[in-house]
Amino acid sequence: MNTGVKITAFAAALAATFGTAYGVGAGVGPVDEPAKATHGEHVAAGKSGGAQADGTKGDGAGGHAGHEEGAANAPAAGGLQVSEGGYTLAMETPKPDRGKSVLRFSIKDAGGEKVTAYTTEYGKELHFIVASRDLTVYRHLHPVRAADGTWSTPVDLPAAGGYKAFADFKPAGKNTKGVTLGVDLSVPGAYAPQPLPAATRTATVDGYQVALGGTLAPGRAGELKLTVSKNGEPVDDLEPYLGAYGHLVALRDGDLAYLHVHPNEGGPGPDVSFTATAPSAGAYRLFLDFQHGGKVRTAVFTVYAGQAAAGADEASHDAGGHTHG
């Protein structure tokens, strides 16, 4: 099993538009998974080339487009294109309503036909993420596919403004590679973007404390170790979720380049570690999913590549609105 996965999110930053109306008129090995937890979506909220829950192996960097090393170890961007490798993310609902609504989309092949055959990875045919441009709203959703290839999922987007949706999948077939596609969404209404939360070394979510250690450096691999505790006691009986003890999603501030990675070898807590390489200096948001007591929770951090993993601020950050439906 690979000992780590490089974060491969690199692209030019996207400028945000402020004060306008929007859209009006715009260490841990994978293990066998027990019964499903109560987890409809990540309201906060690539794969590593390791053994999966069924004993098979991923394809090195996890089979995700844009996850391979380029010249001089410069990682390519993930999730920044709506079309890649002959596949296109086609949204039927690019302007969802504020609040609760339903998202519908499909993956189309080079001939314009909806894809209906996928390779199941980490318990799902397709992983779907929606994040606000200011990285304060995050949803990790589990859409359902109809026979004709149309996917649908309920979603709750509490604020107007710009969002990015990511589809992370691997088509069925021999020697196919994983693909991560991204598309813009807009929720109509008055847009009031929030500042990026301050960098911290600890996050609190639902009574759990998660400490982040290590260094995230541009162009150089480093370990990020996340330690889970509750009431001052280490949590050493984390439960598998989607075939692993922990999942990490990284989004870069500005362009929202995406990567979803899985942890290094290890046991069920309290430590979950990842090996990561930042493609450039800058701010990143990390979303760690872990399961305990039959419920999935998300610990969220802001980190700056080139500094200690969580920057100089030692204060605890409450996950606040990052809950699970």
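Below or above, wherever it landed, is the structure these notes cover.

**Digging into the pattern of salt bridges**
Scanning all chains against the criterion turns up 7 salt bridges. A salt bridge links D184 to R133, with the nearest nitrogen and oxygen atoms 2.5 Å apart. Of this pair, D184 sits in strand 11 (residues 179–187) while R133 sits in the loop between strand 6 (126–132) and strand 7 (138–141), placing them 51 residues apart in sequence. Take D184: its relative accessible area is 47%, and that puts it in the partly exposed class. Close ionic contact of R297 with D206 constitutes a salt bridge, the shortest N to O distance being 2.7 Å. Here the residue R297 occupies a position in strand 21 (residues 295–305), and D206 occupies one in the loop between strand 13 (202–205) and strand 14 (208–216), the gap between them amounting to 91 residues. Classification of D206 by relative accessible area gives partly exposed; the value is 44%. Taken together, the shared-partner salt bridges in this structure form one network comprising E92, K114 and D148.

**Digging into the environment of A221**
Relative to the helices and strands, A221 resides in the loop between strand 14 and strand 15 (222–230). Relative accessible area serves as the criterion here: at 45%, A221 is assigned to the partly exposed category. C-alpha separation for the pair A221 and A276, spaced 55 residues apart in sequence, amounts to 5.4 Å. Residues within four places of A221 in sequence aside, it is in contact with T275, A276 and T277.

**So, the sheet that holds strand 8 (residues 144–145)**
Taken in spatial order, the 5 strands line up as 3-4-5-9-8 in an open sheet, and their pairing is antiparallel. Only two strands of the sheet have a single partner each, and these edge strands are strand 3 (83–84) and strand 8.

**Quick look at the pairing of strand 4 (residues 87–91)**
Bridge analysis of strand 3 against strand 4 gives 2 bridges, and the strand direction is antiparallel. Note that in strand 4 the partner of E84 across the bridge is Y87. Sheet analysis places strand 4 next to strand 5 (residues 99–108), joined by 4 bridges and oriented antiparallel. Within strand 5, the residue paired with L89 across the bridge is I107.

**Overview of unusual backbone geometry**
G269 connects to P270 through a cis peptide bond whose omega is 0°. Not every positive phi belongs to a glycine, and N175 is a case in point at roughly 60°. Position of N175 among the secondary structure elements: in the loop between strand 10 (161–169) and strand 11. Positive phi values are uncommon outside glycine, yet N231 reaches one of about 55°. N231 sits in the exposed class, given a relative accessible area of 68%.

**Observations regarding the nonpolar core**
Where a protein is soluble and globular, its nonpolar side chains tend to be buried together. V210, L216, L286, L288, F290, A299 and F301 are the most contacted members of the largest nonpolar core, which totals 26 residues. Residues M91, I107, Y118 and L157 belong to the second largest nonpolar core, which totals 24 residues.

**Here we look at the packing of aromatic side chains**
For the structure shown, the criterion picks out 8 aromatic pairs. For the ring pair Y87 and F169, a centre distance of 6.0 Å and an interplane angle of 80° mean the geometry is edge-to-face. Of the two residues, Y87 sits in strand 4 while F169 sits in strand 10, which places them 82 residues apart along the sequence. For F169, a relative accessible area of 2% gives the class buried. Measuring from ring centre to ring centre gives 4.9 Å for F166 and Y258, while their planes differ by 20°; the resulting arrangement is stacked. With F166 in strand 10 and Y258 in strand 18 (residues 258–261), this residue pair connects regions lying 92 residues apart in the sequence. The exposure class assigned to F166 is buried, which follows from its relative accessible area of 0%. Overall, the relative accessible area of 0% leaves Y258 in the buried class. The structure contains a cluster of three or more aromatic residues connected by ring pairs, namely Y87, F105, Y118, F128, W151 and F169.

Cut-offs and rules
Residues numbered from 1 in each chain as written. Predicted model: local features only at pLDDT ≥ 70, side-chain atom pairs only at ≥ 80, totals over all residues. Heavy atoms only, no water. Salt bridge = Lys/Arg side-chain N within 4 Å of Asp/Glu carboxyl O. Helix = DSSP H or I, 4+ residues; strand = E, 2+ residues; numbered from the N terminus. Buried < 20%, exposed > 50% of the residue type's maximum accessible area, 1.4 Å probe, protein only. Contact = heavy atoms within 4.5 Å. Pairing = 2+ DSSP bridges. Core = buried A, V, L, I, M, F, W, Y, C linked by side-chain atoms within 4.5 Å. Phe/Tyr/Trp six-rings, centres within 6.5 Å; stacked < 30°, edge-to-face > 60°.

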